[in-house]
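Residues per chain, in single letters:
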Amino acid sequence: MNILVTGGAGYIGSHTSIELINAGYEVIIVDNLCNSNFIVVDRIQEITGKKVKFYKIDATNKEELKKVFVENKIDAVIHFAALKAVGESVEKPLEYYSNNLINTINIWELMKEFNVDKFVFSSSATVYGSPKTCPIKEDFPLSTTNPYGSTKLMIENMLRDICKADKDFNVAILRYFNPIGAHDSGKIGEEPNGIPNNLMPYITKVAVGKLKELSVFGNDYDTHDGTGVRDYIHVVDLAIGHVKALEKLNQKPGLVTYNLGTGTGYSVLDLVKSFEKASGVKIPYKIVDRRAGDIAMCYADPSKAKEELGWVAKYDIDKMCKDSWNWQSKNPNGYNSEEKILETVK
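In this text, all values refer to a predicted model and were calculated from it rather than measured experimentally.

Caption draft 1: Just the packing of helix α9 (residues 268-279) against helix α11 (residues 317-330), in detail. With their axes 8 Å apart at the nearest point, α9 and α11 run at an angle of 60 degrees to one another. The pairing of α9 with α11 is recorded here as oblique in orientation. Every pair of crossing elements has a handedness; the one defined by α9 and α11 is right-handed. Taken together, the residues of α11 that come into contact with α9 (itself represented by L271, S274, F275, K277, A278 and S279) are I317, D318, C321, K322 and W325. Taken together, the residues that form the contact of α9 with α11 break down as six nonpolar, two polar and three charged.

Encoded structure:
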């Protein structure tokens, strides 16, 4: 099967591409590289020993994207391509609505045109808004606290409407919790452009001396130490969840929705302590005001994914921190330390 992976050079997309290749799938990556690096494609090929087709295309450009469908027989799409920073989405809502909605609509119009009936969507636990209780189940009420989450929920609703109208489509909505960690080779990891918006890459940048200190957004939440609690999941576990979801779609289930998390919540300071233990590096931090759009606590009930996909997160917080440090310590300048420029594979 040929799997189109949009945003496949990004953090989660690259790890998922590796797991897809390891499972015997052919991978075609589309990425505009706005928050990723071309070197990632080279690293994926190094790790897997397989050549990967890559197109530098912005999925909001439908005519460019159509070339991929014309030149390849696409059997399924895994859609990661999106702007994804909660805080930035509050500051730039129009940019988020425009990018995230338009690229998804373009993909679906092309799927219909080229008779592609399988779709895995990269959603988020942000669609649960500020849940009244934890752990969070898939049937909890849906709401959002920020524009990023609103784009995810709008797309989920669009997918539900499409599948209700056309029973030929098979869709898996995967609601991620908080992916961290890296491939254990240390060749790929999380490397956002500019100042990181997510916690772990900020911690690792402090650890290698690229940033002075960590800003902890609020210590007055109703949690055990006052800092926000999240369900951190190893990115490789998350990637394997996508392979399992794709296998599920071969059974023609219609539309299915799964939480992908560990079921355990850790605070910001818990994560800092675990990272210090794994790396042996002290992480200086300061408490600052809460960040717009953030909530106190969010962790999953992943039992549905276990029952229906046979998927369980294997790696604990210590492994996540160890692999994050392995990646960053081997690549202190991220992908910019790599001099080789890979020619575009088409």
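Caption draft 2: View of the state of the cysteines. Per the stated rule, a full pass over the model turns up zero disulfides. Looking at C321, it has no disulfide partner, and the nearest cysteine sulfur is the one in C298, 18 Å off. The buried category is assigned to C321, whose relative accessible area is 0%.

Caption draft 3: Structural view of helix α8 (residues 235-249). For α8, with 15 residues, the first-to-last C-alpha span of 21 Å sits near the 21 Å given by 1.5 Å per residue. With 12 of 15 residues buried, α8 is to be regarded as a mostly interior element. Taken as a whole, α8 has its buried residues at V235, V236, D237, L238, A239, G241, H242, V243, A245, L246, K248 and L249.

What counts as what
- Residues numbered from 1 in each chain as written.
- Predicted model: local features only at pLDDT ≥ 70, side-chain atom pairs only at ≥ 80, totals over all residues.
- Heavy atoms only, no water.
- Axes fitted to C-alpha atoms, helices over the stretch in contact; angles between N-to-C directions.
- Helix = DSSP H or I, 4+ residues; strand = E, 2+ residues; numbered from the N terminus.
- Parallel < 35°, antiparallel > 145°, perpendicular 65-115°, else oblique.
- Left-handed = near helix turned anticlockwise from the far one by under 90°.
- Contact = heavy atoms within 4.5 Å.
- Nonpolar A, V, L, I, M, F, W, Y, C, P; charged D, E, K, R; others polar.
- Disulfide = S-S within 2.5 Å.
- Buried < 20%, exposed > 50% of the residue type's maximum accessible area, 1.4 Å probe, protein only.
- Expected span 1.5 Å × (residues − 1).

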